[in-house]
Amino acid sequence: GGQNPLDKNPAACLQLAGIAKMCLRRSLAQFESDVLMYPRSCTTCSTHLPSTGLTCTTCCCSVYCDTDCQQADTGHGDLCRQLGENREDFIYWRERDLQKEVESVFTITAMEKVDTMEDALRLLTPTVTLNQPTGRAVSSTISSPLTCMTALPFSKHSPHHPLTVHLVGSRKIEISSLAVWSLLASTCTHTDRLVLVFIGPECSGPEEPLPPSGQQGGTVEYQFVPPCTYAEFATSSLFTEPDIVCAFNCGFILYSSWAESIPYMVRGSGAPLVFTEYYMQDCQANLAMVQDLVTVQVLQEAKLNPFRSFMSER
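Described below are features of the structure shown in this document. (Residues numbered from 1 in each chain as written. Predicted model: local features only at pLDDT ≥ 70, side-chain atom pairs only at ≥ 80, totals over all residues. Heavy atoms only, no water.)

1. As for the overall build of the chain
- Scanning the chain for helices and strands turns up 12 helices and 7 strands.
- Considering the chain as a whole, with its 314 residues, one finds that 41% of them fall into the buried category.
- Across the chain, every contact between residues at least 6 apart in sequence was considered, and the portion connecting residues at least 24 apart equals 66%.
- Total accessible area on the chain is roughly 17,500 Å²; 52% of this is exposed by carbon and sulfur atoms. (Helix = DSSP H or I, 4+ residues; strand = E, 2+ residues; numbered from the N terminus. Buried < 20%, exposed > 50% of the residue type's maximum accessible area, 1.4 Å probe, protein only. Contact = heavy atoms within 4.5 Å. Areas by Shrake-Rupley, 256 points an atom, 1.4 Å probe, with all protein chains shown as cover.)

Pasting the structure below:
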């Protein structure tokens, strides 16, 4: 018996993950890393439970030493539904093509102004809801374009010119929603042409063919800048002045490379900078970091994003 060496010891979990990576001679998949970093343990007291414990019968995710620990977890009700939906999504999409199934449910080619993700979903695909895996997957796909749309009223975009949006720190999540970005162009009253510029150290073109221009809503032009920071892009001959700058799930406070780029992302032209984060506390810290680096006018204080994805990343 004895205590498991990983019990209440995150440093040991991290060390074990490093050893596993060396033994396998490859990077760990996200779920493999999570299993090592967050082993099965009591939700209340964190005691390691390798094969025992009392599992919540509703979400089938939280586990406890016994009924005393389960009853002590008074905040579980707020998370139980989300955990259950996360588990349901994982099982549902394990053997399905998410992107193809999501694209197949869209029933319109233009988007009118909406105030919430629920409204957008009812307009785009009335047959599914956020209570279903497909609806939550749709929310993940359209979250970035709809979040960008909230900056349109603050943009000083010139009428009858293309709307240029810089997507900074672009990764797979931004590229996976290419087919629906044209819906953003359809909401802009001054132009029906959108220019999307993808920038980031991890940026690369999509693996699949680009969607035809004008397939949905307005006309969209896609530009993929070779891997670089925004600071490098902004001082290069490739730079074009944006109307909106977006950094989704940015992690300004987590990566030192952002400090050099943020002053360039706050444009003298007045183009709004929109950034999102997973947690409110981190979002507020990101804003404080921006304010420390450059003088800004805050157009919108940190708040819960009405167009956030309802599908968990992990």
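2. Some remarks on helix H7 (residues 133-149)
- Taking 1.5 Å of rise per residue, 17 residues should cover 24 Å, and H7 covers 24 Å from first to last C-alpha, within 8% of that figure.
- In H7, a bend of some 45 degrees at Ile 142 exceeds every other bend along the element, and Pro 145, a proline, comes one to four places later.
- Taking burial as the measure, the 17 residues of H7 include 17 buried ones, the bulk of the element. (Expected span 1.5 Å × (residues − 1). Bend = angle between axes of the 7 residues up to and from the residue.)

3. Description of the nonpolar core
- Formed by 38 residues in total, the largest nonpolar core has its most connected members in Ile 142, Leu 146, Val 165, Leu 167, Leu 196, Ile 244 and Cys 246.
- Residue assignment for this core shows that the elements contributing at least two residues are helix H6 (117-124), H7, strand S3 (163-168), strand S4 (193-199), strand S5 (219-224) and strand S6 (244-247).
- Those residues in contact with Val 165 that sit more than four places away from it in its chain are Cys 148, Leu 194, Val 195, Leu 196, Val 197, Ile 244 and Cys 246.
- Of all hydrophobic cores here, the second largest spans 23 residues; its members include Ile 199, Cys 228, Cys 250 and Leu 287. (Core = buried A, V, L, I, M, F, W, Y, C linked by side-chain atoms within 4.5 Å.)

4. Concerning the packing of aromatic side chains
- Per the stated rule, a full pass over the model turns up 7 aromatic pairs.
- Ring centres of Phe 198 and Phe 224 lie 4.7 Å apart, and the angle between their planes is 10 degrees; on these two criteria the pair is classed as stacked. Of this pair, Phe 198 sits in strand S4 while Phe 224 sits in strand S5, and the two are 26 residues apart along the sequence.
- Assessed through its relative accessible area of 26%, Phe 224 is described here as partly exposed. (Phe/Tyr/Trp six-rings, centres within 6.5 Å; stacked < 30°, edge-to-face > 60°.)

5. Description of the packing of helix H4 (residues 76-93) against H7
- With their axes 10 Å apart at the nearest point, H4 and H7 run at an angle of 95 degrees to one another. By the angle between their axes, H4 is roughly perpendicular relative to H7. Here Glu 85, Glu 88, Asp 89, Tyr 92 and Trp 93 of H4 come into contact with H7, specifically with Pro 133, Thr 134, Arg 136 and Ala 137.
- A breakdown of the residues in the contact of H4 with H7 according to their chemical character gives 4 nonpolar, 1 polar and 4 charged. (Axes fitted to C-alpha atoms, helices over the stretch in contact; angles between N-to-C directions. Parallel < 35°, antiparallel > 145°, perpendicular 65-115°, else oblique. Nonpolar A, V, L, I, M, F, W, Y, C, P; charged D, E, K, R; others polar.)

6. Overview of the state of the cysteines
- All told, the structure shown has 0 disulfides when counted by the stated rule.
- We note that Cys 60 lacks a disulfide partner, and the nearest cysteine sulfur, in Cys 59, lies 6.6 Å from it.
- On the basis of relative accessibility, which here comes to 36%, the residue Cys 60 falls in the partly exposed class.
- No disulfide involves Cys 246; its nearest neighbouring cysteine sulfur is the one of Cys 148, lying 3.7 Å away. (Disulfide = S-S within 2.5 Å.)

7. A closer look at the side chain of Ser 62
- In this structure, Ser 62 sits in the loop between strand S1 (54-55) and strand S2 (63-64).
- Among the polar contacts made by the side chain of Ser 62, one reaches the side chain of His 76 at a distance of 3.4 Å.
- Not counting residues within four places of it along the chain, the set of residues in contact with Ser 62 comprises Thr 43, Leu 54, Thr 55, Cys 56, His 76 and Leu 83. (Polar contact = N/O pair within 3.5 Å; in protein donor to acceptor, adjacent residues only side chain to side chain.)

8. A look at the pattern of salt bridges
- In total, this model carries 8 salt bridges according to the counting rule given.
- Close ionic contact of Arg 81 with Glu 85 constitutes a salt bridge, the shortest N to O distance being 3.0 Å. Remark: Glu 85 and Arg 81 occur in helix H4; sequence separation between them is 4 residues, near one turn of the helix.
- The structure contains a network of salt bridges with shared partners spanning Arg 81, Glu 85, Glu 88, Asp 89 and Arg 136. (Salt bridge = Lys/Arg side-chain N within 4 Å of Asp/Glu carboxyl O.)

9. Concerning H6
- Among all positions in H6, only Met 117, Ala 120, Leu 121 and Leu 124 are buried. End-on, the buried residues of H6 take up no more than an arc of 100 degrees, which puts them together on one face. (Arc of directions from axis to C-beta.)

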